[in-house]
Amino acid sequence: MTKFFKTSIIKFFALFLIPLSAIADWKLNLRQGATPISQDIYDLHMVVLWIVVITGIIVFGIMFWSIFHHRKSKGVKPATFSHSTTLEIIWTAIPLVIIISLAVPATKLLIKMDDTSESALTVKATGYQWKWKYDYLEDDLTLYSNLDEKSVELSQRVAGVNPMEYENYLYDVDEPLVLPVQTKIRILTTANDVNHAWWVPDLGWKRDAIPGFVNDNWTYINEPGTYRGQCAEICGKGHGYMPIVVKAVSMDEYKTWVAAKKDAQSAAKASSNVTMSKEDLMTKGAAIYKANCLACHQAEGQGVKGVFPALAGSPIATQKENLGGHIDRVLHGKNLMPKFGEQLADGDIAAVITYERNAWGNNTGDVIQASDISAARK
Amino acid sequence: MSTLAHDHHHAPTGLKRWFYSTNHKDIGTMYLIFALMMFFIGGAMAMIIRAELFQPGLQFVDPQFYNSMVTIHALVMIFGAVMPAGVGLANWMIPLMIGAPDMALPRMNNMSFWILPFGFAMLLSTLFMNGGGPAGGWTMYPPLVLQLGDAFPFLIFTVHILGVSSIMGAINIIATVFNMRAPGMTLMKMPLFVWTWVITAFLLIASLPVFAGAVTMLLTDKYFGTSFFNAAGGGDPVLFQHVFWFFGHPEVYILALPAFGIVSTIIPTFSRKPLFGYASMVYATASIAILSFFVWAHHMFTVGMPIKGELFFMFATMLIAVPTGVKVFNWMATMWRGAMTFETPMLFSIAFVVLFTIGGFSGLMLGMTPIDFQYHDTYFVVAHFHYVLLTGAIFALMAAAYYWLPKWTGYMYDEKLGKIHFWLSAIASNVLFFPQHFLGLAGMPRRIPDYNIQFADFNMISSIGGFAYGISQLLFVYIVIKCALGGKKAKAQAWEGAKGLEWTVPSPAPFHTFETPPKLTKAMLEH
């Protein structure tokens, strides 16, 4: 820690000594990104940045020249002028000209960004507290994208975790959004519960995801690669924990990936109906709990007082007669609790309920199978 | 009249003096002390935020509590520190500046102050409630704000009563300025501080009821089954954002305009030269105020408005650069060929001009819709509004405190300590906020309790600046207390180059001033 602290201080003062271009890894400037639009935005950003820098140098330059020369200690007698119509007209006109010359390219770029027509592919991104759901509308494929397990572990407020060792801390997910390169893709944003905002800086824009509204946007990714971003609108406790990862691949790879993903999903659905041992259910349940439940109900099932109920020792997760209610709550949700019946397969729900009823000293011994869940769904 | 005034000539003492006060100076003092207390409460929350962000990972607080710190820090600083400090200055100085014996509505003045401590007690008590304090951001966007626990109705009623307090304060200022100016003090002879406050008061009266309406709609959405902002019930969550920012943008100028007035008072004093372009300053202030009602949606470029709307709000926003530019150039021209000295108020004012302008530059960048799609809701925005509010509004308030402390206390403050306070504040606040521009451009969203390791270095620098700024402000308290207790006696005219009626009364200003209107000479009306 102290070493890190020291190097930070040294780096900070070093900032003043090296030209800005030499410290690329310090990320002082806007990212150029990976799309034609993000490049246009970067270019316009640089234009306005230079305009304000030059204006600043001129204005502050004149001011500081005056501060150094027009001081009483130098024996200056103050002038008495108090207005000049010519000057005032000039310095009203100059900013006006500058902003008009900036508004023109900005308007052009905005019109370009607004045109979502002729896109080859549409993906709907739905914000949930706190994950993203992606629907590939043409390919009839749905994904839920949760914060990755390693970030979950490192982001707990406990001793002995050090996120500094993990490059993609809070910037990785279990299921990335796979998109083809060199294709105009329409991205719709909406939300299930509260406002979110979908933002991948390298794509050049963010757009709010609002329940009941669908916003449309588009992107065209030049190069294959992994592009990372995160939710940009405060959406509650887990706002900092719902990253967005876009994996851009060639069109062929994309098609192969879609086919494979669909096969995998139907295989998982089929296999989730099998009966599992309690140990297997507990292992599987623990992983599902971490990805879906931990953000609210916490690592030890203790919840957050007044907001998110505890599961450890709670009647719903411990009493036999509440088993049906427990399954119902997970399937259909209540208040802030989402309807996990829409998100998870029967086998996953069975596993996580088994886990909740046996972890953290709940020890009910209950074993729930996928068949119990499918029966409850009917 | 004169005999009546004579009967009331004694100053009441003890608790009654403060609880029942109808004296503009005492009420002004209470406002200022209250604002300073709130500045430290809000500042303590900022320290918690910066401590948590010092390095990646969660060290001190849970995300929910972090969010409530972010939310309450903003509410306390805006409604508890900057606004009451501005009203406190208005109370103290406007009657002295226009030659009036007191505010026009002294009992209402008492009430508008005494609402504040109760309002903030209510707001801060939510931190101990079931479900914690408000944690959805000070902007209170639904649906998130509706998820708040027991604190929700307290938050709404806090907003209501603070709004009542501010509106009463605004009415009082308008009534005073339009009715109680000394003979000869025409509108275009008023000190610019008075002008900026009158315009601010109109902004308050026009915008706060809209805010009160919006939060009342939240209240009925939560408890009475309405669906103003619930899409499932036919409502519109974005409607709230429109209504909120219709208030929120003028609110920004409510915080900034009095600061313009302060700086326009102090720079001429220490330049020993009249304010350049007085009339254009008045018109620029009024233009900014009027424009502020037509730019609100630039706070919500990313909600998905039709392109025509986005273009309109972009053009209107960029237009604000013109009157703001006029002001900056006028301050520059006031300094030009003056005979400047650099006492603490002047130092804070010069820093205000430079740093507020930097905030204005980033404001111009944010106002351009297509590139705002990258900046929006990132630390670039956090840097922007802290440049205009901390190194802007708060630096101006500090300048005002140093400038008028001799008039309030009758003693000169310790100039050496004042300068140390200035340099610590100026350096620390830039170490605190300048790196946040880089963080935002690199992709760090605002209002997150934890972040990817690529943001670690600048966050640590920013936190160090934050702690340094926080600690330096304790020095200000020491200087104020030291000055109140004694020191070099201040003359009636405490500053050599100062103009204005407040410098014609003794220092400290007596309990009652201008009981009979002053006879104004041409020299006294110069500004």
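Residues numbered from 1 in each chain as written. Chains lettered and ligands numbered in written order. Predicted model: local features only at pLDDT ≥ 70, side-chain atom pairs only at ≥ 80, totals over all residues.

1. Focus on the overall build of chain A
Check the secondary structure of chain A and you find 11 helices and 10 strands. In summary, chain A has a C-alpha radius of gyration of 28 Å against a globular reference of 21 Å for 378 residues, an excess of more than 25%. Each principal axis of the C-alpha distribution contributes one length, and for chain A these read about 90 × 50 × 35 Å. Within chain A, the proportion of its 378 residues that are buried is 35%. (Helix = DSSP H or I, 4+ residues; strand = E, 2+ residues; numbered from the N terminus. Rg over C-alpha atoms; globule rule 2.2 N^0.38 Å. Buried ≥ 20, exposed ≤ 12 C-beta atoms within 10 Å, placed from the backbone.)

2. Examining the overall build of chain B
The secondary structure content of chain B amounts to 16 helices and 0 strands. Against the 2.2 N^0.38 benchmark of 24 Å for 527 residues, chain B shows a C-alpha radius of gyration of 23 Å, consistent with a compact globule. Taken over the C-alpha atoms alone, chain B extends approximately 65 × 50 × 45 Å along its principal axes. Pairs at least 24 apart in sequence give 82% of the contacts found in chain B among residues at least 6 apart. (Contact = placed C-beta atoms within 7 Å.)

3. So, the nonpolar core
Residues and elements named next belong to chain B. If you look at the biggest cluster of nonpolar residues, it comprises 270 residues, and the most contacted ones within it are Val-82, Val-194, Val-263, Phe-352, Ala-396 and Ala-399. The greatest single-element share of this core, amounting to 23 residues, is contributed by helix H14 (residues 379–409). Those residues in contact with Val-263 that lie beyond four places of it in its chain are Trp-331, Ser-349, Phe-352, Val-353, Ala-396 and Ala-399. (Core = buried A, V, L, I, M, F, W, Y, C linked by C-beta atoms within 7 Å.)

4. Remarks on the interface of chain B and chain A
Interface size is commonly expressed as the accessible area that is lost once the parts come together. At the junction of the two partners, chain B supplies 84 residues and chain A supplies 89 residues. Among the elements that take part in the side of chain B that touches chain A, helix H11 (residues 321–335) of chain B stands out by supplying 9 residues, more than any other. Broken down by class, the residue content of the side of chain B that touches chain A amounts to 50 nonpolar, 25 polar and 9 charged. (Nonpolar A, V, L, I, M, F, W, Y, C, P; charged D, E, K, R; others polar.)

5. Here's the deal with the sheet that holds strand E9 (residues 225–230) of chain A
Residue and element names in this part refer to chain A. Read across the sheet, 3 strands follow the order E4-E10-E9 without closing on themselves; strand pairing throughout is mixed. What marks the edges here is a single partner per strand, and that holds for strand E4 (177–180) and E9. Geometrically, the sheet is characterised by an average inter-axis angle of 25 degrees between neighbouring strands, direction not taken into account. As defined by bridge partners, E9 adjoins strand E10 (residues 243–249) across 6 bridges and the pair is classed as antiparallel. For Gln-230, the partnering residue across the bridge sits in E10 and is Pro-243. (Pairing = 2+ DSSP bridges. Axes fitted to C-alpha atoms, helices over the stretch in contact; angles between N-to-C directions.)

6. Brief notes about the environment of Gly-240 of chain A
Residue position: Gly-240 of chain A is located in the loop between E9 and E10. In this view, Gly-240 of chain A contacts Leu-170 of chain A together with Pro-63, Ile-448, Pro-449 and Asp-450 of chain B; residues no more than four positions away in its chain are not counted.

7. Some thoughts on the pairing of strand E2 (residues 131–136) of chain A
Residue and element names in this part refer to chain A. As paired strands, strand E1 (residues 121–128) and E2 are joined by 6 bridges and run antiparallel to one another. Each bridged residue has a counterpart across the sheet, and for Gly-127 the counterpart in E2 is Trp-132. Linkage of E1 to E2, two consecutive antiparallel strands, is achieved through a turn of 2 residues. One ladder, built from 5 bridges, connects E2 with strand E3 (residues 141–145); its direction is antiparallel. The residue of E3 that forms the bridge with Trp-132 is Ser-145. Between E2 and E3, which pair antiparallel and follow one another directly, the connecting turn spans 4 residues, one of which, Asp-140, has a positive phi of 55 degrees.

8. Description of the confidence of the model for chain A
Here chain A averages 89 in pLDDT, and 93% of its residues register 70 or above. Counting contacts from residues 17–24 of chain A, a segment whose pLDDT is below 50, to residues more than four positions away or on other chains yields 3 contacts. (pLDDT = per-residue confidence, 0-100.)

9. What about the sheet that holds strand E8 (residues 215–220) of chain A?
All names here are of chain A. Strand order in this open sheet of 5 strands is E3-E2-E1-E5-E8, and the pairing throughout is mixed. Taken across any chain shown, the strands that pair with only one partner, and hence form the sheet edges, are E3 and E8. Between one strand and the next, the sheet's axes are offset by a mean angle of 25 degrees, whatever the strand orientation. Summarising the sheet, E1 and strand E5 (residues 184–191) pair through 7 bridges and their orientation is parallel. Following the sheet pairing, Val-123 is matched in E5 by Ile-187.

10. Focus: helix H15 (residues 415–442) of chain B
Quick reminder: α-helices carry 3.6 residues per turn. Residues three or four places apart thus point the same way. Residues and elements named next belong to chain B. Its 28 residues give H15 an end-to-end C-alpha distance of 41 Å, which sits within 8% of 40 Å, the value for a rise of 1.5 Å per residue. Of all the bends found along H15, the most pronounced is centred on Val-431 and spans about 25 degrees, while Pro-435, a proline, follows it within four residues. Immediately downstream of H15, the backbone of Gly-443 shows phi near 115 degrees, a positive value. (Expected span 1.5 Å × (residues − 1). Bend = angle between axes of the 7 residues up to and from the residue.)

11. What about the environment of Ala-291 of chain A?
All names here are of chain A. Structurally, Ala-291 can be placed in helix H6 (residues 278–292). For the pair Ala-291 and Leu-147, spaced 144 residues apart in sequence, the C-alpha separation works out to 6.9 Å. In this view, Ala-291 contacts Asn-146 and Asp-174; residues no more than four positions away in its chain are not counted.

12. Re the packing of helix H6 (residues 151–179) of chain B against helix H7 (residues 192–223) of chain B
Residue and element names in this part refer to chain B. The contact between H6 and H7 brings their axes to 8 Å, and the two run at 155 degrees. Taken together, the axis directions place H6 and H7 in an arrangement best described as roughly antiparallel. As H6 runs across H7, the sense of the crossing is left-handed. Considering only residue class, the contact of H6 with H7 consists of 22 nonpolar, 3 polar and 1 charged. (Parallel < 35°, antiparallel > 145°, perpendicular 65-115°, else oblique. Left-handed = near helix turned anticlockwise from the far one by under 90°.)

13. Observations concerning the packing of helix H3 (residues 24–52) of chain B against helix H4 (residues 63–98) of chain B
Packed helices, taken two at a time, are described by the angle between their axes plus the distance between the axes. All names here are of chain B. Running from N to C, H3 and H4 cross one another at 155 degrees; their axes reach a closest spacing of 7 Å. In this view, H3 runs roughly antiparallel relative to H4, as classed from their interaxial angle. Judged by the sense of rotation from one axis to the other, the crossing of H3 with H4 is left-handed. In terms of residue class, the contact of H3 with H4 is made up of 24 nonpolar, 7 polar and 2 charged.

14. Let's talk about unusual backbone geometry
Residue and element names in this part refer to chain B. Here the amide bond leading from Pro-142 into Pro-143 is cis, since omega sits at 0 degrees, within 30 degrees of zero. Note the cis peptide between Ser-507 and Pro-508, where omega equals -5 degrees. Here the phi dihedral of Phe-514 falls at roughly 50 degrees; this positive angle occurs in a residue that is not glycine. Here Phe-514 lies in the segment after helix H16 (456–485).

15. What to know about helix H3 (residues 85–114) of chain A
With 30 residues, H3 of chain A extends 43 Å from end C-alpha to end C-alpha; this agrees with the ideal 44 Å at 1.5 Å per step. Those residues of H3 of chain A not exposed but buried are Trp-91, Pro-95, Ile-99, Leu-102, Ala-106, Leu-109, Leu-110 and Met-113 of chain A. On its buried face, H3 of chain A sits against helix H2 (36–69) and strand E7 (205–209) of chain A together with helix H10 (307–319), H11 and helix H13 (369–375) of chain B.

16. A short note on the environment of Leu-32 of chain B
Residues and elements named next belong to chain B. Mapped onto the fold, Leu-32 is located in helix H3. By the C-beta count within 10 Å, which is 24 here, Leu-32 ends up buried. Separated by 93 residues in the primary sequence, Leu-32 and Ser-125 have C-alpha atoms spaced 22 Å apart. Aside from chain neighbours lying at most four places away, what touches Leu-32 is Ala-85 and Gly-88.

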